[in-house]
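Structural characterization, general
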Amino acid sequence: MKPKRIGIVMDPIESIKPEKDTSLALMLEAQSRGWQVEYMTVGDLCLNNGRAEGFMRTVKLCDDPNNWYEFADENYAPLSELDVILMRKDPPFDMEYIMATYILERAEEAGVTVVNSPQALRNVNEKVYTAWFPQCCPPGMLTRSKRAIIEFIKTHSKIVIKPTCKMGGQSVFIISEGDPNTAVIIEEVTKYGTCFVQVQQYIPEIAETGDKRILLIDGTPIEQGIARIPASGDHRGNMAAGAQPKGFTLTDRDRWICAQIGPILRTQKLFFVGIDVIGDYMTEINVTSPTGVREIEKIFGINVPSLFFDALPI
């Protein structure tokens, strides 16, 4: 019997931090199960007369921070030759990303299991989709209106403002009422009123309990997660911005939030999702390339990639 073939679309593999990278952890698990792993970047994807195709490089993986990959054969072939494709390209979520989802949607229509579903990736913006679950979230607004943001600050005193297409804490600001930098921050993030931004009420618990990352596989949460504690002098609960991970077990409130969103994620074919929770509130729903797998394994000894592949619908 031929081994299963899994393709992964990601950022350049040579640029990752292997000891922290969730995509590498998933590839290592696939390889340990005897699967053949095929590596691609967005630039390797093609839509040829309606058929999804791509340049694939067979890759051998090692759990070694100094030598974690080695390429073998390269071939150009229909993506339908693969059993599974993991779409793990990091944001920015821009038009190039959307074009890639169109190609992957054609592969999905040809019978390939694509995680997460390309159509869902287009539909579910990681910052904005929280608005579908207002009962789980702090007060928030999607707008590009300076007047609306200023009124929001007056109502809530202290807010977070962030772009809708970035990750890792990029361009995330806190504004307090009376801050003399308010106007320039709003102008900068909205690009003078031409770009929508997400604003949310500031949740002070982030300073003590951090920004909690909860992973859900097929709508079901993993019972343990990591809280990203902001670095001294920084407000961002992102490991890319220097936050430190600390393990935690889900609270009753965390489980309630997951129960609210889990069935919808499953319906949308969002198989692997990471939500961010600060205090009692969900602030983001990460669907493009959720992370935290390595940290959960290091702290709790939980093999999340094994749970992922056990639940994979193939």
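For the structure, see preceding data.
Residues numbered from 1 in each chain as written. Predicted model: local features only at pLDDT ≥ 70, side-chain atom pairs only at ≥ 80, totals over all residues. Heavy atoms only, no water.

Brief notes about helix H7 (residues 252-267)
In an α-helix, one full turn covers 3.6 residues, which means residues spaced three or four apart are oriented alike. Note the threshold: Segments assigned H or I by DSSP are reported as helices when at least four residues long, segments assigned E as strands when at least two residues long, and all are numbered from the N terminus. Multiplying 1.5 Å by the residue count of a helix minus one yields the expected span of that helix. Three exposure classes are used, based on accessible area relative to the maximum for each residue type with a 1.4 Å probe and protein chains only: buried under 20%, partly exposed in between, and exposed over 50%. Every residue pair with non-hydrogen atoms within 4.5 Å of one another is taken to be in contact.
Taking 1.5 Å of rise per residue, 16 residues should cover 22 Å, and H7 covers 23 Å from first to last C-alpha, within 8% of that figure. Looking at H7, one finds that the buried residues are Asp254, Ile257, Cys258, Ile261, Gly262 and Leu265. The inward-facing, buried residues of H7 abut strand S12 (211-217), strand S13 (220-221), strand S15 (244-249), strand S16 (272-278) and strand S17 (281-286).

A word on the pattern of salt bridges
How we decide: By salt bridge we mean one thing: a side-chain nitrogen of Lys or Arg within 4 Å of a carboxyl oxygen of Asp or Glu.
Applying the stated criterion to the full structure yields 23 salt bridges. The partner of Arg5 in a salt bridge is Glu81, with the nearest N and O atoms 3.3 Å apart. In this pair, Arg5 is assigned in strand S1 (residues 5-9) and Glu81 in the loop between strand S5 (69-78) and strand S6 (84-87), connecting sequence segments 76 residues apart. Among the ionic pairs, Lys212 bridges to Asp254, the shortest N-O distance being 2.8 Å. Of this pair, Lys212 sits in strand S12 while Asp254 sits in helix H7, and the two are 42 residues apart along the sequence. Using a relative accessible area of 10% as the deciding quantity, one classes Lys212 as buried. On the accessibility criterion, Asp254 (0% relative accessible area) is buried.

Considerations on the pairing of strand S14 (residues 224-229)
A regular strand carries its side chains on alternate faces of the sheet. For the record, the criterion: Pairing between strands is defined by DSSP: at least two bridges between the two strands are required.
The buried fraction of S14 is high, at 5 of 6 residues. Here S12 runs beside S14; their pairing, made up of 3 bridges, is antiparallel. Counted as the bridge partner of Asp211 is Arg228 from S14. The sheet contact formed by S14 and S15 spans 6 bridges and is antiparallel. What sits directly across from Gly225, in S15, is Phe248.

Quick word on the sheet that holds strand S8 (residues 140-143)
Our working definition: Fitted lines through C-alpha atoms give the axes, limited to the stretch in contact for helices. The angle between two N-to-C directions lies from 0 to 180 degrees.
Across the sheet, 4 strands lie side by side as S8-S11-S9-S10; this open sheet has antiparallel pairing. Each edge of the open sheet is held by one strand with a lone partner, namely S8 and strand S10 (173-176). Pairwise comparison of adjacent strand axes, ignoring direction, gives a mean angle of 25° for this sheet. Relative to S10, strand S9 (residues 158-163) runs antiparallel, the two being bridged by 4 bridges. Residue pairing in the sheet places Ile159 in a bridge with Ile175 of S10. Against the sheet, helix H5 (residues 182-189) makes contact with S9, S10 and strand S11 (197-201), and its axis sits at roughly 145° relative to S10, the strand it touches most.

Observations regarding unusual backbone geometry
In this model, Val115 is joined to Asn116 through a cis peptide bond whose omega is -5°. Here Asn116 shows up in the loop between strand S7 (113-115) and helix H3 (118-123). Its identity is not glycine, yet Lys191 carries a phi of approximately 50°, on the positive side. Within the element layout of this structure, Lys191 appears in the loop between H5 and S11. Even without glycine at this site, Tyr192 takes up a positive phi of about 55°. Tyr192 gets classed as exposed once you look at its relative accessible area, which sits at 65%.

Some details on the packing of helix H1 (residues 22-32) against helix H9 (residues 304-311)
What counts, and what does not: Should an angle fall under 35 degrees it is called roughly parallel, over 145 degrees roughly antiparallel, and 65 to 115 degrees roughly perpendicular, with every other angle called oblique. Handedness of a crossing is defined here by the sense of rotation of the near helix relative to the far one, left-handed for an anticlockwise turn of less than a right angle and right-handed for a clockwise turn. Each residue gets one label: Ala, Val, Leu, Ile, Met, Phe, Trp, Tyr, Cys and Pro are nonpolar, Asp, Glu, Lys and Arg are charged, and the others, such as Gly, are polar.
The geometry of H1 relative to H9 is characterised by a closest axis approach of 9 Å and an angle of 60° between their N-to-C directions. Relative to H9, the element H1 lies oblique. In the crossing of H1 with H9, the sense of the turn from one axis to the other is right-handed. In this structure, H1 contributes Ala25, Leu26, Glu29 and Ala30 to the contact, and H9 contributes Pro305, Ser306, Phe308 and Phe309. Residues belonging to the contact of H1 with H9 are distributed by class as follows: 6 nonpolar, 1 polar and 1 charged.

What about the nonpolar core?
Definition in use: Residues belong to a common nonpolar core when they are buried Ala, Val, Leu, Ile, Met, Phe, Trp, Tyr or Cys residues joined through side-chain atoms within 4.5 Å.
Counting 40 residues, the largest nonpolar core has Leu79, Ile85, Ile275, Met282 and Ile285 as the members making the most contacts within it. Going through the elements one at a time, strand S4 (51-61), S6, helix H2 (95-109), H3, S12, H7, S16 and S17 are the ones with two or more residues in this core. No other element matches H2, which puts 5 residues into this core. Look past the residues within four positions of Ile275 in its chain and what remains in contact with it is Lys212, Arg213, Ile214, Leu216, Ile257, Cys258, Ile261, Met282, Glu284, Ile285 and Asn286. Grouped together as the second largest cluster of nonpolar side chains are 33 residues, Leu28, Val59, Val304 and Leu312 included.

Let's talk about the environment of Ser23
Worth spelling out the cut-off: Side-chain atoms alone can form a polar contact between residues adjacent in sequence; in general such a contact is a pair of N or O atoms within 3.5 Å, and within protein one must be able to donate a hydrogen while the other accepts it.
With respect to the element layout, Ser23 can be found in helix H1. Leave out the neighbours within four places in its chain, and Ser23 touches Ile8, Met10 and Arg88. A polar side-chain atom of Ser23 sits 2.9 Å from a polar atom in the side chain of Arg88.

Thoughts on a nonpolar patch on the surface
Worth spelling out the cut-off: Each patch is built from salt-bridge-free residues with over 30% relative accessible area, joining like charges within 9 Å and nonpolar side chains (Val, Leu, Ile, Met, Phe, Trp, Tyr) within 5 Å. Throughout, the Shrake-Rupley method with a 1.4 Å probe supplies accessible areas, and for residues the shown protein chains are the sole cover considered.
A contiguous nonpolar patch, built from Met95, Met99 and Tyr102 and spanning about 300 Å² of accessible area, is present on the exposed surface. Tracing the sequence through the fold places Met95 in helix H2. Taking the relative accessible area as the measure of exposure, Met95 reaches 51% and is therefore exposed.

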